[in-house]
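Residue-level listing of the chains:
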Amino acid sequence: MTPAPATYRLQLHAEFAFADAAAIVPYLARLGITHLYLSPVLAARPGSAHGYDVVDPTRVSDELGGEHGLRQLVAAARRAGLGILLDIVPNHMAVGPDNPWWQDVLANGPSSRWAPVFDIDWKPADPALVGRVLCPFLDRPYGEALAGGLLALAPDARHGWVVRHHDTPFPIRPEDRATLDAAPPRAFDPTDADGRRRLHRLLERQHYRLAWWRTAGDEVNWRRFFDIGELVSVRVEDEPVFALTHATVLRLYREGLVDGVRVDHIDGLADPAAYCRRLRQALRRLAPMRPPEAPAGPAWLLVEKILAADETLPEDWDVDGTTGYDFMDEVGALLHDPAAAAAMAADWAELSGRPADFRTEERTARREMLARSFAAQLDRAAAALHRLARLEPATRDWTRAAIGRCVAALAIHFPVYRTYATATGRSASDDRLYRLAAAGAATELAPADRTVLDGIGRWLGGGAATPATAGPVAVAIRRFQQLTAPLAAKSVEDTAFYRFGRLLSRNEVGADPACFARRPAEFHAAQAARARTLPAAMLATATHDHKRGEDVRARLSVVASMPAAWRAALADWLPAGSDPSRGDAAMLCQTLVGAWPLDLDPEDAPAVARFAERVAAWQTKALREAKLRTEWTVPDPAYEAAARTHLDDLLGDPWRRRSLARFVDRIAPAGAVAGLAQLVLRLTVPGAPDTYQGSEFWDFSLVDPDNRRAVDYPARATALAGEADPAVLLPRWRDGRVKQAILARLLRLRRQEPDLFRHGRYEALPLPEDRGLLGFLRHGRARTLAVLVPVRPGSFRPPPGAALAIAPALPAGLMLPLPDGPTDWLDVLGTRRWSAAAAGLPVERLLAPLPVSVLLGTARSKWTRRPRGE
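Description of the structure in this document. Computed from a predicted structure; not experimentally measured.

### Observations regarding helix 7 (residues 193–204)
In an α-helix, one full turn covers 3.6 residues, which means residues spaced three or four apart are oriented alike.
Part 1 of the argument: Taking 1.5 Å of rise per residue, the 12 residues of helix 7 would be expected to cover 16 Å, and the 17 Å separating its terminal C-alpha atoms lies within 8% of that figure.
Part 2 of the argument: Taken as a whole, helix 7 has its buried residues at Gly195, Leu199, Leu202 and Leu203. What you see down the axis of helix 7 is that its buried residues fit within an arc of 95°, all on one side.
Part 3 of the argument: In this structure, the buried residues of helix 7 make contact with helix 5 (142–147), strand 8 (152–156), strand 9 (160–165), helix 6 (177–182) and strand 11 (208–212).
Part 4 of the argument: Measuring from the side-chain oxygen of the N-cap residue of helix 7 to the backbone nitrogen of Asp194 gives 3.0 Å; that N-cap residue is Asp192.

As structure tokens, then:
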């Protein structure tokens, strides 16, 4: 019997390698998970903390233990009955001396055997870069580096000769090596004027052009991953490149070491649909060759994809679903009270002086990022469209400048990451997206440009190519798609999220902060749709990329039920001076309240200091990502010092520190209830739940690297070994064991009832929306599951000492309507049994003592609507 999948994400690195993962397999098996979900395991940069900076996709990382270590981990997993889901990175590689392919391209230029791997424009408009790669890796302008002796020739075992800038070597082309071998030792002395002139002439002959790092956004002629100058995009759309970069992953699958893959950032690929189909075909072809001891069935194929609210995964990709950001948004929005949206937006605008609506903030960020980080990509998209315009008499007079203005305006207003249109195919969805983008773009373009806007929209929307223009249209579409996706990521998640502070629990990867809350009916519709279309999609509430941990968001959602109280509390915590800004200070206060550990005594000075250091690291990152007063490229030490001083004042002043702690105590129980509701929903709605490492206890982590800290697995294993009825653990809810116990119970239920969770139909239960509750059924062939959780815990707010008791605040007489069929219902999280009654079961008893309820009915049911029982 194949269990319903449930994964556990592990972040592998040198300090937590394959052997360390193997050591916790027995614990994870007892917990009830079905698959280890591993971060990338192929060779990455030395010391990589995450594995996404791959330097050799043909071998397993030696730092993690090499392929031998991976085989030992898989053997341990197989003995425990666990599968392996592997994160792969097809869209980019790291540049630099650790990447031999990249170094060979620098040495040999377009003739390098590895040149086709990377997305390099060898024929750009800039004649100085024709046949060359821009290397914007100097820490100062080229002339200053040369004059200052910071470019020095040196012998090299691999390339013969290199030019070093600090510790970074740039290889000299083979044609120059004989000359250098014969040159006098001081011929290229960087401390001598003649030596520098000779060195400059030598560098001008190379297949690369050294440049100051700040030139990258304007001039780089190779596609970066987002705007990260250390990551180069890979042309995986070309079949030979796909075969080369996927050979090892596919071999691991064929040999039974991997059972599925998670594809990193699918929107970074030139043609995601074609890639997914090619990968699926390769996996299907290899499936019959797998060893008999490997799990049977098709490979599990998931893609990391951020979906807009009304966007769906294209059906022709042939994948099993996304990695769960969409569910994280659905459940997060469900926990917020929609009634608070307008008031909190107005409060934020008055306090910060920033826009009250997220869309305005987002468009501002898009304009800024387009100008500062994506000018080169904008230029390439405009150039491709300009070449296309010259092919037709009706469009030949469209200027490149006008096209550039239109492309920029479209990108600023584009409502999703990208489209998947092609030169010969378009969909109704593509049409709708371009109409939305064009309508917004038209508002900021002169009337004379609107004819151009309409024309390029027809091309970029797909399907408008003639036989003569198919090739140029395809190039233009691809260049535009490769502009909008990274622009969205850097503008929204990595800029606007750090500027808009209405309530930070809605500023999460995959979420839309413009949507403050969703009603239960919307949540139900999304789950029913997933059951019909992508029942094996992943469900996540915490990831290695999250902005704040699942229980930070759950606690902050309670603030939406008490905006006036929050406004009053905030007034006591804001700084008296002008720095930091009131907006930055308010977001700091949200972070302190949301992430305050449940066991943190405000009088424990060392513990408070440790917490302060964690928050300070978050604060520096948040301020720099916002790019308002300081940023990564041009830090403002004085502003950052003022922000740190305010943090130290908040936690150093006894009155303020105790005030923060009192507010946390006020909302923490309701926040914990929200966290447990979120947990139960992740484990019971259609899909495959993922547990991020360590989050089986309360997860009050912040953005990376805080969310990648070491996990205390011995403590978790000890807690699981002594597992008790969750209700017994409830009085000590602050230690997190009750969360782990509920997780374990539901994971085991998933193993025991695979049909119910793999194929069970989803059906909403009719509960009054104003009561802050959500209920639904899962119908299997032989069992029915009934789930009841509070989704506005702030409405109940159990007192600090009440062990999360919400029953006293529930409306008396409210009944949970149940279907005809089952006569007995087992309390999965406890020991009680319930007998069906015509009016249903009493909500106040179902949600006591635990604030969440999961019931298993003993027979398949046919839904019959019952009265609400009020």
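### Comments concerning the side chain of Glu304
Part 1 of the argument: By the secondary structure assignment, Glu304 is in the loop between strand 15 (300–303) and strand 16 (321–322).
Part 2 of the argument: Residue classification places Glu304 among the buried positions, given a relative accessible area of 10%.
Part 3 of the argument: Polar contacts involving the side chain of Glu304 include one to the side chain of Arg262, which spans 3.4 Å.
Part 4 of the argument: A distance of 2.7 Å separates polar atoms of two side chains, one belonging to Glu304 and the other to Tyr325.
Part 5 of the argument: Leave out the neighbours within four places in its chain, and Glu304 touches Arg262, Val263, Asp264, His265, Ile266, Thr323, Tyr325 and Asp545.

### Concerning the packing of helix 15 (residues 400–412) against helix 17 (residues 450–460)
Part 1 of the argument: Here helix 15 crosses helix 17 at 65°, and the two axes come no closer than 10 Å. Of the two elements, helix 15 crosses helix 17, and the hand of that crossing is right-handed. On the side of helix 15, the interface is formed by Ala402, Ile403, Cys406, Val407 and Leu410, while helix 17 contributes Val452, Leu453, Ile456 and Leu460.
Part 2 of the argument: Here the contact of helix 15 with helix 17 is composed, by residue class, of 9 nonpolar, no polar and no charged.

### A few points about the pairing of strand 8
Part 1 of the argument: Taken together, the 5 bridges between strand 8 and strand 9 define a ladder with antiparallel strand orientation. Paired with Leu153 across the two strands is Val163, which belongs to strand 9.
Part 2 of the argument: Counting the residues in the hairpin turn of strand 8 and strand 9 gives 3 residues.

### Quick look at the sheet that holds strand 6 (residues 92–94)
Part 1 of the argument: Strand order in the open sheet formed by 3 strands is 6-13-12, with antiparallel pairing between adjacent strands. The strands lining the two open edges of the sheet, one partner per strand, are strand 6 and strand 12 (224–225).
Part 2 of the argument: The pairing of strand 12 with strand 13 (residues 228–233) spans 2 bridges and is classified as antiparallel. Opposite Phe225, over in strand 13, you have Ile228 as the bridge partner.

### Some details on helix 24 (residues 637–652)
Part 1 of the argument: Given a rise of 1.5 Å per residue, 16 residues ought to cover 22 Å, and the 21 Å separating the end C-alpha atoms of helix 24 matches this to within 8%.
Part 2 of the argument: Every buried residue belonging to helix 24 is among Tyr639, Glu640, Ala643, His646, Leu647, Leu650 and Leu651, and all of these are buried. The buried residues of helix 24 all sit within an arc of 125° when viewed along its axis, so they share a single face. Facing away from the buried surface of helix 24 by more than 90 degrees, the exposed residues are Pro637 and Ala638.
Part 3 of the argument: On the buried face of helix 24, the contacting elements are helix 21 (563–573), helix 22 (582–595), helix 23 (605–626) and helix 25 (654–684).
Part 4 of the argument: Two to three positions downstream of the cap, the backbone nitrogen of Ala638 sits 3.1 Å from a side-chain oxygen, assigning the N-cap of helix 24 to Asp636.

What counts, and where the lines are drawn
- Residues numbered from 1 in each chain as written.
- Predicted model: local features only at pLDDT ≥ 70, side-chain atom pairs only at ≥ 80, totals over all residues.
- Heavy atoms only, no water.
- Helix = DSSP H or I, 4+ residues; strand = E, 2+ residues; numbered from the N terminus.
- Expected span 1.5 Å × (residues − 1).
- Buried < 20%, exposed > 50% of the residue type's maximum accessible area, 1.4 Å probe, protein only.
- Arc of directions from axis to C-beta.
- Contact = heavy atoms within 4.5 Å.
- Polar contact = N/O pair within 3.5 Å; in protein donor to acceptor, adjacent residues only side chain to side chain.
- Axes fitted to C-alpha atoms, helices over the stretch in contact; angles between N-to-C directions.
- Left-handed = near helix turned anticlockwise from the far one by under 90°.
- Nonpolar A, V, L, I, M, F, W, Y, C, P; charged D, E, K, R; others polar.
- Pairing = 2+ DSSP bridges.

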